[in-house]
Amino acid sequence: MWWLKNIYAVDPSGSCGKRDILIREGKIEANAERLSPEEVAERAGGEPVESLNGEGKYLFPGFIDAHTHLREPGQEAKEDIASGAAAAVKGGFTSIIAMANTEPPVDSRGLVEFVRTQGARAGLARVYPLGTVTKGMRGRELVEMLDLKEGGAVGFSDDGHNLQNSEVMRLALEYAKLTGLPIVSHSEDENLACGGAMHRGKAAARLGLKGIPSSAESIMVARDLMLAAETGGKIHLAHISCRESVRLIREAKERGLDVSAEVNPHHLLFTDRDVDLFNTSLKVNPPLRSEEDQEALLTGLLDGTLDMLATDHAPHVWEEKARPFAEAPFGIIGLETALAAVWQRLVVPGKLSPKRLAEVWSLAPARRFGLPGGTLRPGSPADLVLFDPEWRERITSDSLASKAQNTPFLGQELQGFPTLVWVGGEPVLRGRQLCPAGDGVRHR
Amino acid sequence: MRMFKDLLGLEGLSPDEIRHILQTAKPMKEVLLRPVKKLPTLRGKAVYTLFYEASTRTKTSFEMAAKVLGADAVNIGVSQSSVNKGESLLDTAKTLQAMQTDLIIIRHAASGAAGFLARHLEAGVINAGDGQHEHPTQALLDLFTMQEKLGDLRGKKVIIVGDVLHSRVARSNVWGLTKLGAEVVLAGPPTLLPPELSVLGVKLSYDLDRELPGADVVMALRLQLERQQAGLFPSLREYSRSYGLDRARLRATGKETLILHPGPMNRGVEIASDLADGPQGMVEEQVTNGVAVRMAVIYLLMGGTTNVVA
Ligand SMILES: [Zn+2]
């Protein structure tokens, strides 16, 4: 049993404050303002108690990342489920949702179960698969959504591509009602985005790079919202990047649509003005947009228009990114740096409260995708993060557990990291070191 | 005078550095006009051309510039097969590094490709055009041509007309001209002149005829005919009616305006033959000056410090 003493506990499903917390048999045993040694001994029932002074630290429910690309099966040179899950726990994520655009895409129950099995073998973060929306991600026939759900899929997405055919999107939103799971939309009009490498604006004009206009996203957001309204379907909008989309989502929520939306940390931390022709780790889709867009995203995250943060962790092989900007693939890895970067640049300056951070990166994804977590209530699974706001670390290719290093923070020092992470009550990260399971598989 | 290892663009150069290159090009041009066009300056050295986009005119100009300076010009054949086999620019850079090259001249379809190569090589790199980003030697030869005819460019009015959006020539010229104090106007249809180009800090106009009065120079950009198929303008005919240069339209300047074109020209589209071949047309001058300016750049980047034509 663990006894965390006098720790600042941030419970997005309840309150925040100094607490004593007990972890036993994989669950949160107690969460109280103060526990006496007698009470603790009684609860332990003879089990040894590992106690820990939480002074100066925060305790969060494990962070949940709703958007990661783990590249397995098929592109294991970029990442695999084990390395992605390792990166996750190093960054404070106890649960991650794996996108389905692998090779082959996760469009059958067998593949959904494969992803779950690989996640269990890794024994680090919990790995939840998304299935594709269409077979082979070809944008035509729907996958067997019911079967995929039985196999463990928590939603459906052709992410990486947009469903250009509006009728297919409409049918997907209708049919997915049988499952109760959301359709995750990568909203992008491919004709407007075609060939672009960064946000269409002054920075692109100066660099001579073809731009992707904001309308490439917002037009599809508008379409998806209209289809969600018409069908009553359940939709989650991935990686919202621009002001117009935020406005559309706000209106849709006022009308009571079943819509949720995410924003990626890099869109809150960088703009197109940070892009140059050589730092391809800032090449991402949707692209880093203007300062006005960035402001609208933060406002949207604070007022609830945007429900959650998600990394869109998108690993690539170094050589693929070591190309001229226009030729490099899109994508930023985020699992190991996103929490620290958001902490340093948004929480410490007071733009985002620790409680809102836990709401948008733990509670909201748990609720939307029906996952355990997002709470510190007694009886809930002990997926927990002990966070040290003073811990500093330099991000280097050697320090990263991810196979990839396409992060704009490479070579930089960040402050504020998880130093102890539990999944199901077992430590998976301790003193910044991974603790793999003894027998190779964690049975949860 | 600080001189760089590379010439990647004019945006990063100071006005003095630009003037220094143009000054160095003057004696180079004198050499070109001699009956025996050969200097011993760079004997035993080699410059390498690496052209991923076909451009006989620019490549020949560089090769000639190198040869006049006494250097060997080696063409690294970029076979489409090696590109298709996935040999990346990084692989190419490693090969070039292993070959101990001194100076590479690269043209590539990706913005930043020349800078990319420069970052991975000890050798000097000259950007002979990277995507829609910059084409510095073209702008330098344009500046040289204008200066030769007009003297100091401060306060001179230069109109650049056409497909500004996709033009590296326009971008490099804007940086160069504004650094030398000229007044620049960019003109073209809205689809080729989007508002974000205001970042270049010069006037944008859809109405060429209104801008012409007082223009000292009008530069027509080459119109890539594919742009019409991509829907950026309805027809060559309509383009030509609004933005094509001919003698009648140019009367509006009220001056003996110089007409520049980076070539190759689409005669009858962006420029009429009577104008291109007439006394105001600078196209042939530009070709000669191109060699002189490229000699100056190669000379300066290869460490030339002495008086070359003593
Ligand atoms: Zn996506």
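All figures in this text were calculated on a predicted structure; none of them were measured in a lab. (Residues numbered from 1 in each chain as written. Chains lettered and ligands numbered in written order. Predicted model: local features only at pLDDT ≥ 70, side-chain atom pairs only at ≥ 80, totals over all residues. Heavy atoms only, no water.)

**Overview of the UniProt feature "binding site: Zn(2+) 1" (unreviewed entry) in chain A**
Residue and element names in this part refer to chain A.
Here is step 1 of the chain: Within the UniProt annotation, "binding site: Zn(2+) 1" (unreviewed entry) is assigned to His 67, His 69, Asp 159 and Asp 312. Spatially, the listed residues are clustered: although they cover 246 residues, their C-alpha atoms lie within 10.2 Å of one another.
Here is step 2 of the chain: With respect to the helices and strands, the residue His 69 is situated in the loop between β6 (63-68) and α2 (81-90).
Here is step 3 of the chain: Beyond its immediate chain neighbours, meaning those up to four positions away, His 69 contacts Met 99, Asn 101, Asp 159, Asp 312, His 313, Ala 314 and Pro 315.
Here is step 4 of the chain: Position of Asp 312 relative to the elements: it lies in the loop between β15 (308-309) and α12 (318-321). (UniProt positions renumbered as here; feature names shortened; annotations may be inferred. Helix = DSSP H or I, 4+ residues; strand = E, 2+ residues; numbered from the N terminus. Contact = heavy atoms within 4.5 Å.)

**Regarding the side chain of Ser 83 of chain A**
Here is step 1 of the chain: The topology assignment puts Ser 83 of chain A in helix α2.
Here is step 2 of the chain: Sequence-distant contacts of Ser 83 of chain A, that is, excluding residues within four places in its chain, are made with Ala 401, Ser 402 and Lys 403 of chain A.

**Section: the pattern of salt bridges**
Here is step 1 of the chain: Going through the model one piece at a time under the given rule, you end up with 37 salt bridges over all chains.
Here is step 2 of the chain: Between Asp 152 of chain B and Arg 154 of chain B there is a salt bridge, with its nearest N and O atoms 2.8 Å apart.
Here is step 3 of the chain: For Arg 154 of chain B, a relative accessible area of 58% puts it in the exposed group.
Here is step 4 of the chain: One connected set of salt bridges, linked through shared partners, spans Arg 109, Glu 113, Asp 147 and Glu 150 of chain A. (Salt bridge = Lys/Arg side-chain N within 4 Å of Asp/Glu carboxyl O. Buried < 20%, exposed > 50% of the residue type's maximum accessible area, 1.4 Å probe, protein only.)

**Concerning the UniProt feature "domain: Dihydroorotase catalytic" (unreviewed entry) in chain A**
Here is step 1 of the chain: The UniProt record marks residues 56-245 of chain A with the feature "domain: Dihydroorotase catalytic" (unreviewed entry), using the residue numbering of this structure.
Here is step 2 of the chain: Annotation note: span residues 56-245 of chain A, helix share 37%, strand share 17%, distance between end C-alpha atoms 39 Å.

**Points about the coordination of the zinc ion**
Residues and elements named next belong to chain A.
Here is step 1 of the chain: Bound to the zinc ion are the protein donor atoms Asp 159 (OD), His 186 (ND1) and His 239 (NE2), situated 1.9 to 2.2 Å from the metal.
Here is step 2 of the chain: In primary-sequence terms, the residues that donate to the zinc ion follow D-x26-H-x52-H. Pair noted here: Asp 159 is in the loop between β9 (156-157) and α5 (166-175) and His 186 is in the loop between β10 (183-185) and α6 (190-193), with a separation of 27 residues, a long-range link.
Here is step 3 of the chain: On the basis of relative accessible area, Asp 159 is assigned to the buried category, the value being 3%.
Here is step 4 of the chain: With a relative accessible area of 6%, His 186 lands in the buried category. (Donors = N, O, S within 2.8 Å, 3.2 Å for Na, K, Ca; no water.)

**Things to note about the interface of chain A and chain B**
Here is step 1 of the chain: Taken residue by residue, the interface counts 17 residues in chain A and 20 residues in chain B.
Here is step 2 of the chain: Here chain A meets chain B over a buried area of about 1700 Å², counting both sides, of which 65% is carbon and sulfur.
Here is step 3 of the chain: The three residues of chain A that bury the most area against chain B are Arg 206, Phe 278 and Pro 324 of chain A, which together make up 34% of that side's buried surface.
Here is step 4 of the chain: Across the chain A-chain B interface, the total number found is 2 salt bridges.
Here is step 5 of the chain: With a shortest N-O distance of 2.7 Å, Arg 200 of chain A and Glu 196 of chain B are connected by a salt bridge.
Here is step 6 of the chain: The dominant element in the side of chain A that touches chain B, judged by the number of residues it contributes, is helix α7 (residues 202-207) of chain A, at 4 residues.
Here is step 7 of the chain: Here the side of chain A that touches chain B is composed, by residue class, of 10 nonpolar, 2 polar and 5 charged. (Buried area = accessible area lost by both parts, 1.4 Å probe. Nonpolar A, V, L, I, M, F, W, Y, C, P; charged D, E, K, R; others polar.)

**With respect to the domain arrangement of chain A**
Residues and elements named next belong to chain A.
Here is step 1 of the chain: By domain assignment, chain A separates into domain 1 (2-59 + 381-443) and domain 2 (61-369).
Here is step 2 of the chain: Distance between the C-alpha centres of domain 1 and domain 2: 26 Å.
Here is step 3 of the chain: The interface is formed by 47 residues belonging to domain 1 together with 48 residues belonging to domain 2.
Here is step 4 of the chain: Here domain 1 and domain 2 share an interface that buries about 3700 Å² over both sides, 65% of which is from carbon and sulfur atoms.
Here is step 5 of the chain: A per-residue breakdown of the area domain 1 buries against domain 2 is headed by Pro 12, Lys 403 and Asn 406, which together make up 19% of the total.
Here is step 6 of the chain: In this assembly, domain 1 and domain 2 are joined by 2 salt bridges. (Domains from an automatic or database assignment.)

**Overview of the domain arrangement of chain B**
Residue and element names in this part refer to chain B.
Here is step 1 of the chain: Here chain B is partitioned into domain 1 (15-134 + 287-302) and domain 2 (136-283).
Here is step 2 of the chain: Summarising the inter-unit geometry, the C-alpha centres of domain 1 and domain 2 are found 26 Å apart.
Here is step 3 of the chain: On the side of domain 2, 24 residues touch domain 1, which itself brings 27 residues to the contact.
Here is step 4 of the chain: Regarding the contact of domain 1 and domain 2, the summed buried area is about 2100 Å², with carbon and sulfur atoms giving 61% of it.
Here is step 5 of the chain: Ranking the residues of domain 1 by area buried against domain 2 places Leu 22, Gln 132 and Glu 134 at the top, with a combined share of 29%.
Here is step 6 of the chain: Between domain 1 and domain 2 we count 2 salt bridges in total.
Here is step 7 of the chain: Between Arg 168 and Glu 53 there is a salt bridge, with its nearest N and O atoms 3.0 Å apart.

**Points about unusual backbone geometry**
All names here are of chain A.
Here is step 1 of the chain: The linkage connecting Glu 72 with the following residue, Pro 73, adopts the cis geometry, with an omega of 5°.
Here is step 2 of the chain: As for its placement among the helices and strands, Pro 73 is situated in the loop between β6 and α2.
Here is step 3 of the chain: Here the residue pair Asn 285 and Pro 286 is connected by a cis peptide bond, since its omega of -5° sits within 30 degrees of zero.
Here is step 4 of the chain: At Arg 71, a residue that is not glycine, the phi angle is positive and equals roughly 65°.
Here is step 5 of the chain: You can see Arg 71 is positioned in the loop between β6 and α2.
Here is step 6 of the chain: Even without a glycine there, the phi angle at His 239 is positive, about 30°.
Here is step 7 of the chain: Locating His 239 in the fold gives a position in the loop between β13 (235-237) and α9 (243-254).
Here is step 8 of the chain: Take His 239: its relative accessible area is 3%, and that puts it in the buried class.

**Regarding the sheet that holds β13 of chain A**
Residues and elements named next belong to chain A.
Here is step 1 of the chain: Taken in spatial order, the 5 strands line up as β9-β10-β13-β14-β15 in an open sheet, and their pairing is parallel. Two strands bound the open sheet, and with one partner strand each, they are β9 and β15.
Here is step 2 of the chain: Here β13 pairs with strand β14 (residues 259-263) via 3 bridges, running parallel. The residue bridging His 236 from the neighbouring strand is Ser 260, located in β14. (Pairing = 2+ DSSP bridges.)

**Describing the packing of helix α6 (residues 136-150) of chain B against helix α13 (residues 283-301) of chain B**
Residues and elements named next belong to chain B.
Here is step 1 of the chain: Here α6 crosses α13 at 115°, and the two axes come no closer than 8 Å. The crossing of α6 and α13 is right-handed. Residue-level inspection shows Thr 137, Gln 138, Leu 140, Leu 141, Asp 142, Phe 144, Thr 145, Glu 148 and Lys 149 of α6 in contact with α13, the latter providing Glu 285, Gln 286, Asn 289, Gly 290, Val 293, Arg 294 and Val 297.
Here is step 2 of the chain: Grouping the amino acids of the contact of α6 with α13 by side-chain chemistry returns 5 nonpolar, 6 polar and 5 charged. (Axes fitted to C-alpha atoms, helices over the stretch in contact; angles between N-to-C directions. Left-handed = near helix turned anticlockwise from the far one by under 90°.)

**Some thoughts on the pairing of strand β6 (residues 183-187) of chain B**
Residues and elements named next belong to chain B.
Here is step 1 of the chain: With respect to burial, β6 is a largely interior element, 4 of its 5 residues being buried.
Here is step 2 of the chain: Across 5 bridges, strand β5 (residues 157-161) lies against β6 in parallel orientation. The residue bridging Val 158 from the neighbouring strand is Val 184, located in β6.
Here is step 3 of the chain: Bridging between β6 and strand β7 (residues 203-205) involves 3 bridges; their strand directions are parallel. Residue pairing for β7: Val 185 is matched across the bridge by Lys 203.

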